[in-house]
Amino acid sequence: MWLRPGRELRGDRIVHAEERHQAILRRVREEGSMRVTDFAAELGVSPVTVRKDVEVLAERGLVARVHGGAMLPEDWAETAPESADPHAKPGSGPRTLGMIVPSSAYYYPEVIKGAREAAQAQGVRLALAVSAYDPQAEKSQAARLIEDGVDGLLLAPSDTEGVRGRQWYEDLDVPVILIERRPAQDAAAAEHVGTDHVYGARLAVQHFLDGRRQRIALFMRGGSPTSPWVKEGYYAGMRAAGIDGPDSTTFIDLGSGGPGDPDYERPMEEFIQGVRSGRIDAALVHPDNDALVLLERLRAASLSVPGDVALVSYDDEVAELADLPLSAVAPSKHEVGFSAVELMLLRLSEPGRPRRRLAILPELRVRASSSAS
């Protein structure tokens, strides 16, 4: 069947765009508001279709777009917060941003806090979802947030290894900004805000070199999303200092196991033997919780920190809480979240502006585990 432009076939019904617009206006005028998902089900069309209809009507000033639906502009004006987003167009309602992160317990709480503060300052609503490092959950959460009417999505995808070609988030119906992740392909147009982990690792290496330590190991979980950039910075710092390697004794990968797992215990023991034999006198350890375990194992082996080996952990989530406070590379997580919201609002207000990739520099916090004294 041939359909005129602007018409959709759903079941045995043809719904014209203008017919949908009139139906939306009637519902809003009769009831004061309309929810996108409910109205889409009534019409037999997709929520994305109705959301786009609401955007058209909001552009004309006929409705105010609110999270998940629409209402009369005059009603929204009476209830809108004084700090309503200045980037929003008149009559469009307050912005709503979706945010999907892999964890709400480690690393990301400060990122979330920064995003929430930026959103509140601009009168923007932030809708949060936690994927627990499940790529399929991220896709489902993104679809749900978009159906609910978010204007843009802040996303920290979990699947970052071995991915080639166009990514699923590049085909979403709303702008996407990656947080603490880089696009899988350099040619991808995705904007991102994240910590410059290469710089952070080089800071740690230079700190050890300044303390006259050159047998520097990298002790980490190689499968973490951050690990490629930490490794790159470590290698670059060692090469810049003219130090050969690293080799199998100075790059130690903990894998994905935990204490008691042979694949975890073996590299732990290799590291301790490397310190005892003098092959290692400093180590950058990622992440923090493994640095705490390593500190305990070294002491149990009668090896001193920083005497026999200096330690710098990466992330600075719990490093300061160790009984011997650990030096740490500290990403500016709060700034990452805050800047991601600001960048998204710029994207929404000026869709044609040049795209940006924003790197936030971390800092090195020197404590007892690597001090010169």
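Model, not experiment: these values are computed from the prediction.

A.B. asks: Account for unusual backbone geometry, naming residues and giving values.
C.D. replies: Geometrically, the link from His-286 to Pro-287 is a cis peptide bond, its omega value of 5 degrees lying close to zero. Structurally, the position occupied by Pro-287 is in the loop between β13 (282-286) and α10 (288-300). Here Val-305 and Pro-306 are connected by a cis peptide whose omega angle stands at 10 degrees. Mapping Pro-306 onto the fold places it in the loop between α10 and β14 (310-314). Phi is positive for Tyr-107, which is not a glycine, with a value near 70 degrees. Summarising the element assignment, Tyr-107 is placed in the loop between β6 (96-101) and α5 (108-121). A relative accessible area of 6% places Tyr-107 in the buried class.

A.B. asks: Requested: an account of empty space enclosed by the protein, with residues and values cited.
C.D. replies: The final tally for this structure, using the stated rule, is one cavity of 30 Å³ or more. As a volume, the largest cavity reaches approximately 30 Å³. Taken together, Val-36, Arg-51, Val-54, Arg-65, Val-66, Gly-68, Gly-69 and Gly-149 make up the full set of residues lining the largest cavity. When contributions to the lining of the largest cavity are tallied by element, the ones reaching two or more residues are α3 (47-59) and β4 (64-66).

A.B. asks: Lay out the side chain of Asp-288 in plain terms, naming residues and giving numbers.
C.D. replies: Secondary-structure assignment places Asp-288 in helix α10. It turns out Asp-288 is buried and unbridged, and the closest side chain with the opposite charge, Lys-333, is 6.3 Å from it. One polar contact links the side chain of Asp-288 to the main-chain amide nitrogen of Asp-316, over a distance of 3.0 Å. Of note is the side chain of Asp-288, whose polar atom sits 3.2 Å from the backbone nitrogen of Ala-319. Asp-288 has contacts with Tyr-106, Ser-313, Tyr-314, Asp-315, Asp-316, Glu-317, Val-318 and Ala-319, leaving out every residue within four places of it along the chain.

A.B. asks: Break down the pairing of strand β7 (residues 125-130) for me, with residues and values.
C.D. replies: Relative to β7, β6 is paired through six bridges, and the arrangement is parallel. Of the residues in β7, the one forming a bridge with Val-101 is Val-130. Crossover connection from β6 via α5 to parallel β7: handedness right-handed.

A.B. asks: Any chance you could break down helix α1 (residues 17-31) for me, citing the residues and the numbers?
C.D. replies: Over its 15 residues, α1 runs 21 Å from end to end, which matches the ideal 21 Å to within 8%, given 1.5 Å per residue. For α1, the set of buried residues is Ala-17, Arg-20, His-21, Ala-23, Ile-24, Leu-25, Arg-27 and Val-28. Among the residues trailing α1, Gly-32 stands out with phi positive, at a value near 90 degrees.

A.B. asks: Give a description of the environment of Met-344 that names residues and reports values.
C.D. replies: Tracing the backbone through its elements, the reader meets Met-344 in helix α11 (residues 333-349). We classify Met-344 as buried; its relative accessible area is 0%. Each residue touching Met-344, except ones within four places of it in the same chain, is listed here: Leu-97, Gly-152, Leu-153, Leu-154, Pro-175, Val-176 and Ile-177.

A.B. asks: Account for α11, naming residues and giving values.
C.D. replies: Note: α-helices contain 3.6 residues per turn, so residues at a spacing of three or four share the same orientation. For α11, with 17 residues, the first-to-last C-alpha span of 25 Å sits near the 24 Å given by 1.5 Å per residue. Next to the buried residues of α11 lie β6, α5, β8 (152-155), β9 (176-179), β10 (191-195) and β16 (357-360).

A.B. asks: Lay out the packing of helix α2 (residues 36-43) against α3 with the relevant residues and their values.
C.D. replies: In the contact formed by α2 and α3, the axes pass within 8 Å of each other and the chain directions differ by 115 degrees. By the angle between their directions, the pair α2 and α3 is classed as roughly perpendicular. Judged by the sense of rotation from one axis to the other, the crossing of α2 with α3 is right-handed. Contact residues: α2 offers Val-36, Thr-37, Phe-39 and Ala-40, while α3 offers Pro-47, Val-50, Arg-51 and Val-54. Its residues assigned to classes, the contact of α2 with α3 shows six nonpolar, one polar and one charged.

A.B. asks: Go over the packing of aromatic side chains, please, and point to the residues and values.
C.D. replies: Taken as a whole and judged by the stated rule, the model has four aromatic pairs. Here Trp-168 and Tyr-169 contribute two aromatic rings whose centre-to-centre distance is 5.9 Å and whose plane-to-plane angle is 75 degrees, an arrangement assigned as edge-to-face. The exposure class of Trp-168 is partly exposed, given its relative accessible area of 23%. The class of Tyr-169 is buried, set by a relative accessible area of 7%. When the ring centre of Tyr-107 is taken as origin, the NZ or CZ atom of Lys-333, which lies over that ring, is 5.1 Å away.

So, how was this worked out
- Residues numbered from 1 in each chain as written.
- Predicted model: local features only at pLDDT ≥ 70, side-chain atom pairs only at ≥ 80, totals over all residues.
- Heavy atoms only, no water.
- Helix = DSSP H or I, 4+ residues; strand = E, 2+ residues; numbered from the N terminus.
- Buried < 20%, exposed > 50% of the residue type's maximum accessible area, 1.4 Å probe, protein only.
- 1 Å grid on protein atoms, 1.4 Å probe; cavity = no way out; pocket = protein on both sides within 12 Å on 5 of 7 lines; lining within 4 Å.
- Points joined across faces, edges and corners; volume = space filled by probe spheres on them.
- Lys, Arg positive; Asp, Glu negative; His and termini not counted.
- Salt bridge = Lys/Arg side-chain N within 4 Å of Asp/Glu carboxyl O.
- Polar contact = N/O pair within 3.5 Å; in protein donor to acceptor, adjacent residues only side chain to side chain.
- Contact = heavy atoms within 4.5 Å.
- Pairing = 2+ DSSP bridges.
- Right-handed = clockwise from strand over helix to strand, strands pointing away.
- Expected span 1.5 Å × (residues − 1).
- Axes fitted to C-alpha atoms, helices over the stretch in contact; angles between N-to-C directions.
- Parallel < 35°, antiparallel > 145°, perpendicular 65-115°, else oblique.
- Left-handed = near helix turned anticlockwise from the far one by under 90°.
- Nonpolar A, V, L, I, M, F, W, Y, C, P; charged D, E, K, R; others polar.
- Phe/Tyr/Trp six-rings, centres within 6.5 Å; stacked < 30°, edge-to-face > 60°.
- Lys NZ or Arg CZ within 6 Å of the ring centre and 35° of its normal.

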